[in-house]
Amino acid sequence: MSVIAILGAGVMGSAMTLPLCDRGHDVRLVGTHLDRAIIDSVRATGLHPKLNVTLPKAVAAFHHEDFASALGHDTALIVLGVSSAGVGWAIDRLCETLAAPIPVVMITKGMQPEAGRLAALPDHVAAEVLRRRGLALEVAAIGGPCIAGELAVRRQTGTVITARQPAFAQSLCAMLETDYYHPRMSPDVDGVEICAAFKNFFAIGVGWAAGRLETMAAAENRAFNHNAAAIIFDQAIRELMILAKAHGGSAESVWGMPGAGDLYVTCQAGRNSRLGNNLGRGLTYRETREGPMKGDTIEGAELGVTVAASLRGMMSGGALDAKALPLTRALLDALTHDRPLDIPWPDFHRQA
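Residues numbered from 1 in each chain as written. Predicted model: local features only at pLDDT ≥ 70, side-chain atom pairs only at ≥ 80, totals over all residues. Heavy atoms only, no water.

Novice: How do you make sense of unusual backbone geometry when you look at a structure like this?
Specialist: Trans is the prevailing form of peptide bonds, just as negative phi is the prevailing case for residues other than glycine. Residue R222 is not a glycine yet carries a positive backbone phi of 60°. With a relative accessible area of 73%, R222 lands in the exposed category. A positive phi angle, close to 55°, is found at D338, a residue other than glycine. With respect to the element layout, D338 can be found in the segment after α16 (326-336). The exposure class assigned to D338 is partly exposed, which follows from its relative accessible area of 27%. (Buried < 20%, exposed > 50% of the residue type's maximum accessible area, 1.4 Å probe, protein only. Helix = DSSP H or I, 4+ residues; strand = E, 2+ residues; numbered from the N terminus.)

This is the structure we're talking about:
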């Protein structure tokens, strides 16, 4: 079959070795500068210390300084598994290493601020490599609900693969399909990528409800706070619709796996929800980063800080209706002004 290189040995990039190896591909897993201990462990025993699973024998592990050796001359596909903060680093590695175009698929979640809008990361990566190296890359992205720990033990998983070249996305679906990993093709790059990025952002808001419950006096009937979480979840979907439409995306992506499906999964656990829990307890973002979540990468928060100026500019310029985005505005204020997250209940939608 083919040789696949994965750049980024975190949990999601490493979990992708399972469907790739099960389809008969050889995988070269390349860590970032933050993944040295992971790569050392995989080399020594095969065990991924964060996934707590032994990776397939067809996985060969490389440190980041050996990326060129990992690519060799026979790599058919590069999987980018870095965090959104590492995209610039990954582009640098591609530009200094690639001698010819190699197709890329991204599992990174995020958006790139540009003049008057947000750009999908696959477009940003392709444009930068073309500008700096003159190489035209096909770049796809994977969205949808996929918990790394579940994929790593072959739980049933459905995702969406999108690209500007639909035939490329369809070929990736065929390359990755197994009896437990079920990708489907979508031509909606902008909608899928808005959902993939902002579901982390909005999961912070949904997570607020569980944290706020801890500050409330115990109810006589031991009631939870799920109703509040559901209202915030609904508002998040409505605001995802607005953001996707403003960037040319489809409503189908929002109510499907990239949006509602992925937001549901993200709200079950993970760092974004834990940040929301802490904000619900009354901590600010800074207090959380310096305290209970010190050292954690929180993708939704990083996205909010990165795109805040662009979103506010789109609101002030009329490209986005600020009144229709009360949850977005509240989250941006909490993340960029270090304020408590104040859920604006009266401003939420009132249409059935």
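Novice: How should I be thinking about the nonpolar core in this particular structure?
Specialist: When a protein is soluble and globular, its nonpolar side chains tend to lie buried together. Counting 47 residues, the largest nonpolar core has F198, F201, F202, L275, L311, L327 and L341 as the members making the most contacts within it. Elements represented by at least two residues in this core include exactly α9 (189-213), α10 (226-246), α12 (257-268), α13 (271-280), α15 (299-316) and α16. Ranked by residue count, the leading element in this core is α9, at 11 residues. Apart from residues no more than four positions distant in its own chain, F202 is found in contact with A236, E239, L240, L243, L263, L327, T328 and L331. I6, A140, A169 and M175 belong to the second-largest nonpolar core, a separate cluster that totals 38 residues. (Core = buried A, V, L, I, M, F, W, Y, C linked by side-chain atoms within 4.5 Å. Contact = heavy atoms within 4.5 Å.)

Novice: Explain the packing of α10 against α12 to me, please; I cannot follow it from the model alone.
Specialist: The relative placement of two packed helices comes down to the angle between their axes together with the axis-to-axis distance. Packing of α10 against α12 leaves a shortest axis separation of 11 Å and a crossing angle of 140°. Classified by the interaxial angle, the pair formed by α10 and α12 is oblique. Crossing angle aside, the handedness with which α10 passes α12 is right-handed. The segment α10 lies against α12, with F233, A236, I237 and L240 engaging G259, A260, L263, Y264 and C267. Taken together, the residues that form the contact of α10 with α12 break down as eight nonpolar, one polar and no charged. (Axes fitted to C-alpha atoms, helices over the stretch in contact; angles between N-to-C directions. Parallel < 35°, antiparallel > 145°, perpendicular 65-115°, else oblique. Left-handed = near helix turned anticlockwise from the far one by under 90°. Nonpolar A, V, L, I, M, F, W, Y, C, P; charged D, E, K, R; others polar.)

Novice: Teacher, can you tell me more about the sheet that holds strand β2 (residues 26-30) here?
Specialist: Each strand in a sheet pairs with its neighbour through backbone hydrogen bonds, running either in the same direction (parallel) or in the opposite one (antiparallel). Taking strand neighbours across the sheet as the criterion, the eight strands line up as β5-β2-β1-β6-β7-β10-β11-β12 in an open arrangement whose pairing is mixed. Each of the sheet's edge strands pairs with one partner strand only, and the pair in question is β5 (59-62) and β12 (181-186). Averaged over neighbouring strand pairs, the angle between their axes works out to 25° when direction is ignored. In this sheet, β5 lies alongside β2 in parallel orientation, the contact comprising four bridges. Bridging across to β5, V30 finds its partner in F62. Against the sheet, helix α3 (residues 36-45) touches β2 and β5, its axis set at about 140° to β5. (Pairing = 2+ DSSP bridges.)

Novice: Even after reading the chapter, I still don't get empty space enclosed by the protein, so can you show me in this structure?
Specialist: Applying the stated criterion across every chain, the model contains one cavity of 30 Å³ or more. There is about 30 Å³ of room inside the largest cavity. Contributing to the lining of the largest cavity are M16, L20, L77, V79, V105, I142, L172 and L176. Among the elements of the structure, β6 (75-80) and α8 (166-176) are those that each provide at least two residues to the lining of the largest cavity. (1 Å grid on protein atoms, 1.4 Å probe; cavity = no way out; pocket = protein on both sides within 12 Å on 5 of 7 lines; lining within 4 Å. Points joined across faces, edges and corners; volume = space filled by probe spheres on them.)

Novice: Just checking my understanding: could you explain the side chain of S186 for this structure?
Specialist: For S186, the location among the structural elements is in strand β12. A distance of 3.1 Å separates the side chain of S186 from the backbone nitrogen of D188, its partner in a polar contact. When near neighbours in sequence (up to four residues on either side) are disregarded, S186 contacts V160, I161, T162, A163, V192 and S253. (Polar contact = N/O pair within 3.5 Å; in protein donor to acceptor, adjacent residues only side chain to side chain.)

Novice: Hey, could you run me through α15 in this one?
Specialist: Every α-helical turn comprises 3.6 residues, leaving residues that sit three or four positions apart pointing alike. End to end, α15 covers 25 Å across 18 residues, agreeing with the expected 26 Å (1.5 Å per residue, within 8%). Most pronounced at V307, the bend in α15 amounts to some 55°. Of all the residues in α15, the buried ones are E299, G300, A301, L303, G304, V307, A308, S310, L311, M314 and M315. Just downstream of α15 lies G318, where phi reads positive at about 90°. (Expected span 1.5 Å × (residues − 1). Bend = angle between axes of the 7 residues up to and from the residue.)

Bear in mind that shape data such as this cannot, by itself, settle questions of function.
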